[in-house]
There are 2 protein chains.
Amino acid sequence: MSETDARKQFVEELTDQSDDFSRWYIEVVRKAQLADYTPVRGSMVIRPYGYGLWENMQRLLDRRIKATGHQNAYFPLLIPESLLQLEADHVKGFAPECAWVTMGGREQLEERYAIRPTSEAIIGHLYSRWIESYRDLPVLLNQWCNVMRWEKVTRPFLRTAEFLWQEGHTAHATEAEAREEVLRMLEVYRDFVETELAIPVYTGLKSDAERFAGAEQTYTVEALMRDGKALQAGTSHHLGQHFARVFDITYQDEQGKRQHVWQTSWGASTRLIGALVMVHGDDQGLRLPPNVAPVQAVIVPIWRKDEDRSAVRAFVERVRESIGERVRLHVDDRDQYSPGWKYNEYEMRGVPVRLEIGPKDVASQAVMSVRRDNRAKESIPLAQLAERLPVLLADIQSSLYRQAEEFRRANTVEAGSKADVIAHFAADRRGFVAVAWDGSAAFEAEVKERTGATLRCMPVDPKPFAAVARPGHRVALFARAY
Amino acid sequence: MSETDARKQFVEELTDQSDDFSRWYIEVVRKAQLADYTPVRGSMVIRPYGYGLWENMQRLLDRRIKATGHQNAYFPLLIPESLLQLEADHVKGFAPECAWVTMGGREQLEERYAIRPTSEAIIGHLYSRWIESYRDLPVLLNQWCNVMRWEKVTRPFLRTAEFLWQEGHTAHATEAEAREEVLRMLEVYRDFVETELAIPVYTGLKSDAERFAGAEQTYTVEALMRDGKALQAGTSHHLGQHFARVFDITYQDEQGKRQHVWQTSWGASTRLIGALVMVHGDDQGLRLPPNVAPVQAVIVPIWRKDEDRSAVRAFVERVRESIGERVRLHVDDRDQYSPGWKYNEYEMRGVPVRLEIGPKDVASQAVMSVRRDNRAKESIPLAQLAERLPVLLADIQSSLYRQAEEFRRANTVEAGSKADVIAHFAADRRGFVAVAWDGSAAFEAEVKERTGATLRCMPVDPKPFAAVARPGHRVALFARAY
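Note that the structure is predicted; figures quoted are calculated from it, not measured. (Residues numbered from 1 in each chain as written. Chains lettered and ligands numbered in written order. Predicted model: local features only at pLDDT ≥ 70, side-chain atom pairs only at ≥ 80, totals over all residues.)

Details of the overall build of chain A
What counts here: A run of H or I in DSSP counts as a helix once it spans at least four residues, and a run of E counts as a strand once it spans at least two, with each numbered from the N terminus. With C-alpha atoms as the basis for the radius of gyration, the globule rule is written as 2.2 Å multiplied by the number of residues raised to the power 0.38. The burial criterion counts other C-beta atoms lying within 10 Å of a residue's C-beta, which is placed from the backbone; the residue is buried at 20 or more, exposed at 12 or fewer, and partly exposed between these limits.
Regarding its fold elements, chain A presents 15 helices and 23 strands. Since a compact globule built from 482 residues should have a radius of gyration of about 23 Å, the 25 Å found for chain A is in line with a globular shape. Oriented by its inertia axes, the alpha-carbon framework of chain A measures out at about 85 × 55 × 45 Å. Residues classed as buried in chain A amount to 50% of the 482 residues present.

Focus on the nonpolar core
Note the threshold: Each nonpolar core comprises buried Ala, Val, Leu, Ile, Met, Phe, Trp, Tyr and Cys residues, the members being joined through C-beta atoms within 7 Å. Residue pairs qualify as contacts under a 7 Å threshold applied to their C-beta atoms, which are placed from the backbone.
Grouped together as the largest cluster of nonpolar side chains are 286 residues, with contacts concentrated most on A:A223, A:F478, B:A223 and B:F478. If sequence neighbours within four positions are ignored, B:A223 has contacts with B:V193, B:I199, B:V201, B:A230, B:L231, B:A233, B:A275 and B:V279.

Things to note about the pairing of strand 21 (residues 432–437) of chain B
All names here are of chain B. Spelled out, the test is: Paired strands, as defined in this entry, are two strands with at least two bridges between them according to DSSP. With the strands aimed away from the viewer, a crossover counts as right-handed if its path from the first strand over the helix to the second runs clockwise.
Across the six residues of strand 21, six count as buried, placing the element largely inside the fold. A two-sided burial pattern is seen for strand 21, the buried positions comprising F432, A434 and A436 on one face and V433, V435 and W437 on the other. In the sheet, strand 20 (residues 412–414) pairs with strand 21 via three bridges, with the strands oriented parallel. Looking across to strand 21, one finds that E414 is bridged to A434. Following the chain from strand 20 across helix 14 (residues 418–426) to the adjacent parallel strand 21, one finds a crossover that is right-handed. One ladder, built from five bridges, connects strand 21 with strand 23 (residues 474–479); its direction is antiparallel.

Comments concerning the interface of chain A and chain B
As a reminder of what qualifies: Amino acids outside the nonpolar list (Ala, Val, Leu, Ile, Met, Phe, Trp, Tyr, Cys, Pro) and the charged list (Asp, Glu, Lys, Arg) are all regarded as polar, and Gly is one of them.
The interface of chain A with chain B comprises 47 residues on the first partner and 47 residues on the second. For the side of chain A that touches chain B, the element with the most residues is strand 5 (residues 99–104) of chain A, which contributes six residues. Its residues placed into classes, the side of chain A that touches chain B shows 28 nonpolar, twelve polar and seven charged. Here strand 5 of chain A pairs with strand 5 (residues 99–104) of chain B via five bridges, running antiparallel. Following the sheet pairing, A:G104 is matched in strand 5 of chain B by B:A99.

A few points about the sheet that holds strand 11 (residues 230–240) of chain B
All names here are of chain B. Across the sheet, which stays open at both edges, the eleven strands sit in the order 3-7-8-14-11-10-9-22-23-21-20 with mixed pairing between neighbours. Strands at the two margins of the open sheet, each flanked by one partner only, are strand 3 (71–72) and strand 20. Where strand 3 meets strand 7 (residues 139–148), two bridges bridge the pair, whose relative direction is parallel. Across the sheet, Q71 pairs through a bridge with L141, a residue of strand 7.

Re the pairing of strand 8 (residues 162–172) of chain B
All names here are of chain B. With respect to burial, strand 8 is a largely interior element, ten of its eleven residues being buried. In the sheet, strand 7 pairs with strand 8 via ten bridges, with the strands oriented antiparallel. Following the sheet pairing, V147 is matched in strand 8 by F163. Pairing between strand 8 and strand 14 (residues 262–269): eight bridges, direction antiparallel. Bridge assignment links G168 to a residue of strand 14, and that residue is W266.

Quick notes on the environment of B:G472
Residue and element names in this part refer to chain B. Along the chain, G472 turns up in the loop between strand 22 (454–459) and strand 23. By C-beta crowding, G472 is classed as exposed, having 7 other C-beta atoms within 10 Å. In sequence terms G472 and E87 are 385 residues apart; their C-alpha atoms lie 33 Å from each other.

Observations regarding the sheet that holds strand 5 of chain A
Rules: Axes here mean lines fitted to C-alpha atoms, for a helix over just the part in contact, with angles spanning 0 to 180 degrees between N-to-C directions.
Spatially, 4(A)-6(A)-5(A)-5(B)-6(B)-4(B) is the arrangement adopted by the six strands of the open sheet, whose pairing is antiparallel. For this open sheet the edge positions go to strand 4 (78–80) of chain A together with strand 4 (78–80) of chain B, each flanked by a neighbour on one side alone. Within this sheet the neighbouring strands show an average axis-to-axis angle of 45 degrees, counted without direction. Here strand 4 of chain A pairs with strand 6 (residues 107–115) of chain A via three bridges, running antiparallel. When the bridges of strand 6 of chain A are listed, A:I79 appears paired with A:A114.

A few points about the domain arrangement of chain A
What counts is decided by this rule: Segmentation into domains, and thus their bounds, comes from an automatic or database assignment.
According to the domain assignment, chain A consists of domain 1 (3–280), domain 2 (297–392) and domain 3 (412–479). Using C-alpha coordinates to define each centre, domain 2 of chain A is positioned 49 Å away from domain 3 of chain A.

Describing the relation of the copies chain A and chain B
Note the threshold: All copies are superposed by least squares; the fitting set is the C-alpha atoms of residues with a pLDDT of at least 70 in both.
At an RMSD of 0.0 Å, chain A and chain B line up after a rotation of 180 degrees and a shift of 0.0 Å along the axis. With respect to symmetry, the two chain copies, as superposed, fit the operation of a two-fold axis. Closest approach to the rotation axis within chain A is made by the C-alpha atom of A:V101, at a distance of 2.1 Å. Mapped onto chain B, 100% of the interface residues of chain A are again interface residues, and the two copies thus contact each other with one and the same surface.

Overview of helix 15 (residues 441–451) of chain B
Residues and elements named next belong to chain B. The condition is simple: Relevant arc is that of directions from the helix axis to the C-beta atoms, nothing else.
Turning to helix 15, its buried residues number three or more, namely E444, V447 and T451. An end-on view of helix 15 places all buried positions within 70 degrees of arc, on one side of the element. Of the residues in helix 15, the exposed ones pointing more than 90 degrees away from the buried face are A441, A442, A445 and E449. Looking at the residues trailing helix 15, positive phi occurs at G452, about 85 degrees.

Digging into helix 2 (residues 21–31) of chain B
Residues and elements named next belong to chain B. W24, Y25, V28 and V29 are the residues of helix 2 that are buried. Buried residues in helix 2, looked at end-on, bunch into an arc of 130 degrees, giving them a common side. Residues of helix 2 that are buried in the fold lie against strand 1 (35–37) and helix 9 (271–280). Following helix 2 by one or two positions, Q33 has its phi on the positive side, about 60 degrees.

Structural notes on the environment of A:T235
Residues and elements named next belong to chain A. Checked against the element boundaries, T235 lands in strand 11 (residues 230–240). By the C-beta count within 10 Å, which is 24 here, T235 ends up buried. Apart from the residues within four sequence positions on either side, T235 is in contact with F212, T218, Y219, T220, W266 and G267.

Things to note about the environment of B:V147
Topologically, B:V147 is positioned in strand 7. Those residues in contact with B:V147, other than ones at most four positions away along the chain, are B:R116, B:P117, B:T118, B:F163 and B:W165.

Brief notes about unusual backbone geometry
Residues apart from glycine generally show negative phi values, whereas peptide bonds are mostly found in trans. Of the consecutive residues A:L137 and A:P138, the connecting peptide bond is found in the cis state with omega at -5 degrees. Its place among the elements puts A:P138 in the loop between helix 6 (120–130) and strand 7 (139–148). Within the chain, B:F157 stands out as a residue other than glycine whose phi angle is a positive 70 degrees. In this fold, B:F157 is placed in the loop between strand 7 and strand 8. On the neighbour-count criterion, B:F157 (27 C-beta atoms within 10 Å) is buried.

Notes on the packing of helix 14 of chain B against helix 15 of chain B
Residues and elements named next belong to chain B. Operational definition: Here roughly perpendicular refers to angles of 65 to 115 degrees, roughly parallel to angles under 35, roughly antiparallel to angles over 145, and oblique to all remaining angles. For any pair of crossing helices, the crossing counts as left-handed if the nearer helix is rotated counterclockwise from the farther one by less than a right angle, and right-handed if it is rotated clockwise.
Here helix 14 crosses helix 15 at 20 degrees, and the two axes come no closer than 9 Å. As far as their axial angle goes, helix 15 and helix 14 are roughly parallel. Note that helix 14 runs across helix 15; the crossing there is right-handed. Packed against helix 14, whose contacting residues are K418, V421, I422, F425 and A426, the element helix 15 presents F443, E446, V447, R450 and T451 at the interface.

Digging into the packing of helix 3 (residues 48–67) of chain A against helix 7 (residues 175–196) of chain A
All names here are of chain A. Remark: helix 3 packs on helix 7, axes separated minimally by 10 Å, with the N-to-C direction vectors making an angle of 150 degrees. Taken together, helix 3 and helix 7 sit at an angle that is classed as roughly antiparallel. Considering only the axes of helix 3 and helix 7, their crossing is right-handed. Of the residues in helix 7, those touching helix 3 at L60, L61, R64 and I65 are V188, D191, F192 and E196.

Spelled out as structure tokens, the structure:
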């Protein structure tokens, strides 16, 4: 088998989603070159195409984080064990999954360090030194960094020992301000995920059983994957004064009295790349939302006869110039691959628009565009391309959102009772199930034990689920989840 | 002492550079809130002002890295010890200063992991899997990440256990291409450091004694600090086939023959922030080059009488609007600090231009600008501000470069012999000393042992030092260094 054939097969041999979603996922991640395995337990390498996606996501989320008044900083990777141990719930939740540094050079360390699983502890320590007066508040910081959790079962992007994320950490003078911040950032995540990733989400409160170790309340944005499982796409925590008390983070108020601060933290990670894959992908591979796609449009030049070549090339150049910086464009003029091979490759990689340019297109001074989301073809005259292409991309962005929303609507059902919830998941049905929850841990535990489904959230806006609402209960959404 | 007085003193009490440069440096870093100490051995926290500087530097360097055809990726933080050990010089150079992860959760690991001191080993392993054919070459990747070296003596930005950097790693089909790449990235660093950081550098080749562990050749950009000591501001390594052989990174050439690739790596780090401080700072604090300053201009509103207040505020708003997005602007309208206190604060923080706006300025529809670099004052009519301010900033940028270049010229001398070099440094003189070097390790070792000065580089362009050139010798620059 020639190398080219081998590559062709590599692109074509993709498991169908309906045959084995989990295998489909892993294959897409590797064939689209988003990520690859490494010899480091549970750690992946994010390849340029996956990282390009992450860079676009970072830019769009970072802009929102800054627009809401936050600044970036960088805190140490290592956390002394003694600091991690100060908050009892926090250490209980995270210590069992920490990677520990015990040696520096040739020396055994007196105290071991955890590689940060999250940074509340080290940041709490520093905030206690930096915050003195009410004038120093609020403190609104964020950091983009790597974190590590020594997970037993891992899957690229969804659950890895090391992952990249942003973690915001804020301190406020009053509880009301902290609560506002928690909801503000929840809304930032909702807006970012829905607008840029084209993924509809339910925003809501976690139950006590599912909340962040050390938080008073955890809010979440929950998305639905194509296999009917839910995925937590970002969380925003009200930390109350839990860390302020143990780290002694206090300020002098306007009356000269010492007060503990109120804190929040919130994070979103490279997990979102996994969500993108599983919400929009199909049996041909990725379908990337144009707002974050590393390549928004790819030009594939076509010629059979050598005499066509220079005319096609010259026209490609004119197309490139007319598009300019409006669109992230890639021209694939490699000789060793056929146009058909390239079509497969860019479908696998989910490039939103393919522009085919052959001798006929040159003759008509137009390009043939093919949408990745619905395969619709359209010949676009060169003179209109610079205007038409951005419109096309915007349409693909909203079409992907609409499809995901329709899928979610079709896979969100209402249940009248706990028994109904259990019956739904026991029959191997998926999706979200809305039910009136009495707030008891027993209800939640029974559903989980019998079906594996968990309480994803109590929606911030329960109105769409008014049919299941009952006095003295809260609407809750259950689902199997990643 | 009131809190305000305490803060005032905090700003005013800065050690003079001439009294104790080292203490001045640490004080500026902390008072300007670039960074702070942490309870993690040798690790600092980069505070928002320092990180804002880093973000601007990243953006400007990343743009150059991408413009030269590179893409970003992300490789694992941890490196299995067995991989690190494959290249003999590499492990000898780095293993003694690695932080080691020996436990994951509650389990002792079978093989320990180093927190990456640099990523040649893990990347070499992955390149051996990714590269098959000459068509896969060149591979041109870069990553922005944290690295860790368990240094004994640390100083914020200059030498810390953990630091942030970018590391480029490329693989090529031929030695000539790899050599070209090494010099291309050296030139990227030179251009970035000189253009954006306003720091003149000498580019050159390191001696064998000073080269990167595992490299065949190391090129460097060397800058001169205000205390006359040199600082390595970025390095570009020709790795030859050292890693390709031990990691078995091969490709099939056009004739179907297996060949080892040729590799390069190159890096620049948060150390550059230390260079900025030490090249441009003065007895009042930082002086930041406008191209990277987080705040390029600060508006300080001034009023004595309450009745002036609303007029000043309204005018400040008009100024803000007229400047728009042209300049990174901050308005400091805090009531609890006096204008004088704010002047000190922003001088400490090195903001390039201060715009004072009081009742008189409102009356004349102008603002009083004060340059941080030379204190020159200039009243700028509101109508001209949007045009004048960017010109002023460009002038400050080139003025800072010119001052640094003049300082370097005054502190670069020529020596006729090894004895002259030793005499220079033995007399506690600093700066660069150019000399004809016979290439012997003994020469280098003797200078180092007797004076502490090291061979910084053999200039790529030796013409400026033609006076010391001798047949059979290479021009070398010696200096005490950080």
